[in-house]
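# Survey of secondary and tertiary structure
Here is what each chain is made of, one letter per residue.
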Amino acid sequence: MANRPPARARRALAALLLIAAGGSATAADYTGPLFDAHLHYNDEAWNGQSGPHPLADVLARMQRSGVKAIISNSRPNDGTQRLASSAETRQAGVTVVPFVRLYRNRADYDNWFRDETIYRMVQDELARGTAAGPFRGLGEFHLYDSGNANGPVAKKLMALAEEKGLVVLAHVDDVAIDLLMANTPSQGQKVRLIWAHTGIGGAPAARVDQLMARYPQLVGELSYRPGLTCEGGKLCPEWRSLLLKYPTRFVIGSDTWVNQRWQYYEELMKGYRTWLGDLPADAARRIAWDNGANLFGLKGTQ
């Protein structure tokens, strides 16, 4: 009888044969806690709790999805105040990180960057705070024309964010990222900015990489991100490489900007769990929970 190869060699050979046969094992979904870093509780969702998604409904969806903390920013800010002040939220085990939204109504989307009444509203909200504590950030705001990053109110708010240590949530393109950062005292080296969707229209992964290297406090939020996932809901190769290069610089979010997103909230979170399971466990945990929690000093693992 011929000598058998060592056990280690046999296992390696078996693994090679399995791969050659196309039978590699499927990674399990991520099962840990989630931090939803882009959530809206807008007036059309709750409407004085007579809307289609009253507080009990949205909290139940978060619980079923394993969401333990959220960045809440709502049009108007009453929705965030409601989430932050409710005993139901605390009983559901959801931590609210409140942001001041720059919009009182839909008309503000197109004019906030030059409207001085928006700046005064932000000051008033910051002074008011919430039952869950002070506001921790500004936004989400939109810039459909990147040049409006140089609007007078946009400039003042970026400087204010750095001065007060507030996190910015911005729905902008890659050009506007550079312009917004240039309007801070540190030229973008100290301000913390969450880039909603990691870019309007899908900035190439190479451009995202360039901006991540340039701005050490830039964080990419991954809802609606074109090119992120491929067949079977798994990560596309270039994005998997980018997430592994910057595992502490990405977060996930639901972006419940319309009621339909609430209706599919659990499915959205399940989709994240699928591709997070395609990452090493430590990277998956960071993107799913740790990066958001660390950004705001949340304690424990929930």
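Check the entry above for the structure.
Residues numbered from 1 in each chain as written. Predicted model: local features only at pLDDT ≥ 70, side-chain atom pairs only at ≥ 80, totals over all residues. Heavy atoms only, no water.

## Some words on the environment of Ile252
Tracing the backbone shows Ile252 in the loop between strand E8 (250-251) and helix H11 (259-263). Between the C-alpha atoms of Ile252 and Ser86, which are 166 residues apart in sequence, the distance is 24 Å. Dropping the residues within four chain positions of it, Ile252 is found in contact with Leu34, Phe35, Asp36, Ala37, His38, Glu221, Tyr272, Trp275, Ile287 and Ala288. (Helix = DSSP H or I, 4+ residues; strand = E, 2+ residues; numbered from the N terminus. Contact = heavy atoms within 4.5 Å.)

## Re the packing of helix H6 (residues 116-128) against helix H7 (residues 152-164)
Put simply, H6 and H7 touch, their axes get as near as 9 Å, and they point 20 degrees apart. Here H6 is positioned roughly parallel relative to H7, judged by the angle of their axes. Seen along the crossing, H6 lies across H7 with a hand that is right-handed. Residues Glu116, Tyr119, Val122, Gln123 and Leu126 of H6 pack against Val153, Lys156, Leu157, Leu160 and Lys164 of H7. Tallied by class, the residues present in the contact of H6 with H7 amount to six nonpolar, one polar and three charged. (Axes fitted to C-alpha atoms, helices over the stretch in contact; angles between N-to-C directions. Parallel < 35°, antiparallel > 145°, perpendicular 65-115°, else oblique. Left-handed = near helix turned anticlockwise from the far one by under 90°. Nonpolar A, V, L, I, M, F, W, Y, C, P; charged D, E, K, R; others polar.)

## Describing the pattern of salt bridges
Where side chains of opposite charge bring their charged atoms close, a pairing between them can arise. Scanning all chains against the criterion turns up 17 salt bridges. Residue Asp108 pairs with Arg104 through a salt bridge whose shortest N-O separation is 2.9 Å. By relative accessible area, Asp108 is classed as buried at 6%. Taking relative accessible area as the criterion, Arg104 reaches 35% and is therefore assigned partly exposed. The salt bridge partner of Arg104 is Asp115, with a shortest N-O separation of 3.4 Å. Remark: Asp115 occurs in the loop between strand E3 (95-100) and H6 and Arg104 occurs in the loop between E3 and H6; sequence separation between them is 11 residues. The exposure class of Asp115 is buried, given its relative accessible area of 15%. (Salt bridge = Lys/Arg side-chain N within 4 Å of Asp/Glu carboxyl O. Buried < 20%, exposed > 50% of the residue type's maximum accessible area, 1.4 Å probe, protein only.)

Function cannot be read off these values alone, since they describe shape.
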